[in-house]
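# Structural overview
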Amino acid sequence: MAKKKILLNAFNMNCIGHINHGLWTHPRDTSTQYKTIEYWTELAKTLERGLFDGLFIADIVGVYDVYQNSIDVPLKESIQLPVNDPLLLVSAMAAVTQNLGFGLTANLTYEPPYLFARRMSTLDHLSRGRVGWNIVTGYLDSAAKAMGLTEQVEHDRRYDQADEYLEVLYKLWEGSWEDGAVLNDPQARVYAQPGKVHKVEHHGGFYQVEGYHLCEPSPQRTPVLFQAGSSDRGLLFAGRHAECVFISGQNKAATKVQVDKVRASAVEAGRNPDDIKVFMGLNVIVGATEALAWEKHAEYLSYASPEAGVAHFSASTAIDFAQYELDEPIQYVKSNAIQSATKNLQNNDWTRRKLLEQHALGGRYITLVGSPEQVADELESWISETGLDGFNLTRIVTPESYVDFIDLVVPELQKRGSYKTAYETGTLREKVFHGSARLPEQHTGSTYRQTASLTGNTL
Ligand SMILES: Cc1cc2nc3c(=O)[nH]c(=O)nc-3n(C[C@H](O)[C@H](O)[C@H](O)COP(=O)(O)O)c2cc1C
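Residues numbered from 1 in each chain as written. Predicted model: local features only at pLDDT ≥ 70, side-chain atom pairs only at ≥ 80, totals over all residues. Heavy atoms only, no water.

### Some words on the site of the ligand
Using the following cut-off: We define proximity as follows: a residue is near a molecule or strand when any one of its heavy atoms falls within 4 Å of that partner. We define a polar contact as two N or O atoms separated by no more than 3.5 Å, with the added condition that, inside protein, one atom must be a possible hydrogen donor and the other a possible acceptor, whereas residues neighbouring each other in sequence contribute only through side-chain atom pairs. For the area figures, the Shrake-Rupley method with a 1.4 Å probe applies, and any residue is considered shielded solely by the protein chains shown. Counting from the N terminus, the helices are the DSSP runs of H or I reaching at least four residues and the strands are the DSSP runs of E reaching at least two. Ten residue types, Ala, Val, Leu, Ile, Met, Phe, Trp, Tyr, Cys and Pro, are classed as nonpolar, four, Asp, Glu, Lys and Arg, as charged, and the remainder, Gly among them, as polar.
What surrounds the ligand is a group of 19 residues, the closest being Asp59, His155, Tyr159, Ser231 and Ser340. Within the side chain of Tyr159, one N or O atom sits 2.6 Å away from an oxygen atom of the ligand. Relative to its unbound accessible surface of 610 Å², the ligand loses 93% to contact with the protein. Of all the secondary structure elements, the ones that give two or more residues to the shell around the ligand are α6 (155-175) and α11 (339-342). Taken together, the residues of the shell around the ligand sort by class into ten nonpolar, eight polar and one charged.

Following this line, the structure appears as structure tokens:
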């Protein structure tokens, strides 16, 4: 049987400090160039050279003001602040690539679905079907206040709102324009056919929408749907909507449990277990030899900021870790922020010292260090032992982390048959799922399609 091909996204963000904090001070790191188009177009070309499936761009609305109840550390260490808009990067990168996908994070809480539907359709057109959407609802009180609320919407209610948001989007993306609505016939003077473009009527608890989708159908209609929450309510949402789920695993045993839960959530929603591809965030430090890789690791550590990493984690959990003495036990509290992040604190055996040690590289993702063969062994073992489909590869020093992976690990994986040697044709969905450009039939979004209208000639 052919080996399972490892899926691979580069994990990035339109900012300086993303996951591994402090590394922006490394002399070879270029992340302070994030404001230039060339930084992104060069990155896109590099990733396409490495046959990456996608560039996954995280995003945040709001600032990380939980640690020390201030934004001093985030400003000094540039912890996802400043942060520019991810969607506006795509046209430039799509223009210099043919196959690379774009997983774009957008927070639905603060943007009406009608406008968001148009922005994503526009990018799906311009990229010829290469966009995905990482559906997030936010977890920061600082964002809520900046957007005119007094505090965050409650955790589970955010998902209720997201369910309805998706319903509106399916109506717009899948239901408003029938296949064949666009005739584009200059002789007949008909661009789009009346009768085949339908008004969406949505009257729900959160949204009222009466209107036509402004865009003609894009190659995928609905972009490939990513999601990252993994609380019980998050899993229910993933089962219904997600096509790709992003998790931050801590060890293989726990990751397998998590992957199994994601697949079970799909089955619960009437889908196939493999209808959801599961990606884990991962740091890789590779060298031509194991010794060189560890040398690089030591060098990186000398630039990392564990404190900045912990300040970021404070925002993820809504717990100000600065208020604890170094060895004082940290009390677990159920969070209104990211519940999957606080879960690790549930044993009440964490201290600030332990957190700082965990964030030695400025972040808390698992780190593989070794020769190309050792890294490939570990990647294959993660896939076979946990059921994961692929990885979101972080940058430690950028673009060095990606370039090292492409030059050293990709050829090794290809030699073993566990990584593609060429892109498949088609849209992002076709490449990742080897099926149609559109949502599969068992996905809830497909039920909003209009069957071809029987109105005959409506001209
Ligand atoms: C690995 C991972 C990556 C995430 N990336 C983002 C992000 O880029 N932007 C964002 O606003 N939220 C992000 N989140 C937060 C989730 O979208 C979600 O709001 C959060 O996990 C709360 O859901 P949960 O309690 O179900 O886990 C991420 C969460 C995880 C676990």
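Right, picking up where we left off after that structure.
### What to know about helix α13 (residues 372-386)
For clarity, the threshold we go by: Between the first and last residue of a helix there are one fewer steps than residues, each counted as 1.5 Å, and that sum is the expected span. To sort residues, take the accessible area from a 1.4 Å probe on protein chains only and compare it with the maximum for the residue type: under 20% means buried, over 50% means exposed, and anything in between is partly exposed. Any two residues having at least one pair of non-hydrogen atoms within 4.5 Å are treated as being in contact.
Taking 1.5 Å per residue, 15 residues should reach 21 Å; α13 reaches 21 Å between its end C-alpha atoms and fits that length. The complete set of buried residues in α13 reads Pro372, Val375, Ala376, Leu379, Glu380, Ser381, Trp382, Ile383 and Thr386. Tucked into the core, α13 has its buried residues touching α8 (252-268), β11 (277-286), β12 (367-370), β13 (390-393) and α14 (400-416).

### Structural notes on the side chain of Thr109
Inspection of the secondary structure assignment puts Thr109 in the loop between β3 (101-107) and α4 (113-126). In this structure Thr109 comes out as buried when scored by relative accessible area, which is 18%. Looking at Thr109, its side chain comes within polar contact range of the main-chain oxygen of Thr137, at 2.7 Å. Contact partners of Thr109, with chain neighbours within four places excluded, come to Thr137 and Gln161.

### Notes on the packing of α8 against α13
Which entries qualify depends on this criterion: With axes taken as lines fitted to C-alpha atoms, and helix axes fitted only over the stretch in contact, angles between N-to-C directions fall between 0 and 180 degrees. Comment on the angle field: the value is read as roughly parallel under 35 degrees, roughly antiparallel over 145, roughly perpendicular from 65 to 115, and oblique elsewhere. Here a crossing is taken to be left-handed if its near helix is turned anticlockwise relative to the far helix by less than a right angle, and right-handed if that turn runs clockwise.
Taken N-terminus to C-terminus, the directions of α8 and α13 make an angle of 50°; their axes are 9 Å apart at the nearest point. Judged on the interaxial angle alone, α13 and α8 are oblique. Taken as a pair, α8 and α13 cross one another with a handedness that is right-handed. Here Lys252, Thr255, Lys256 and Val259 of α8 lie close against α13, whose contacting residues are Glu378, Ser381, Trp382, Glu385 and Thr386. Among the residues forming the contact of α8 with α13, the class breakdown is two nonpolar, three polar and four charged.

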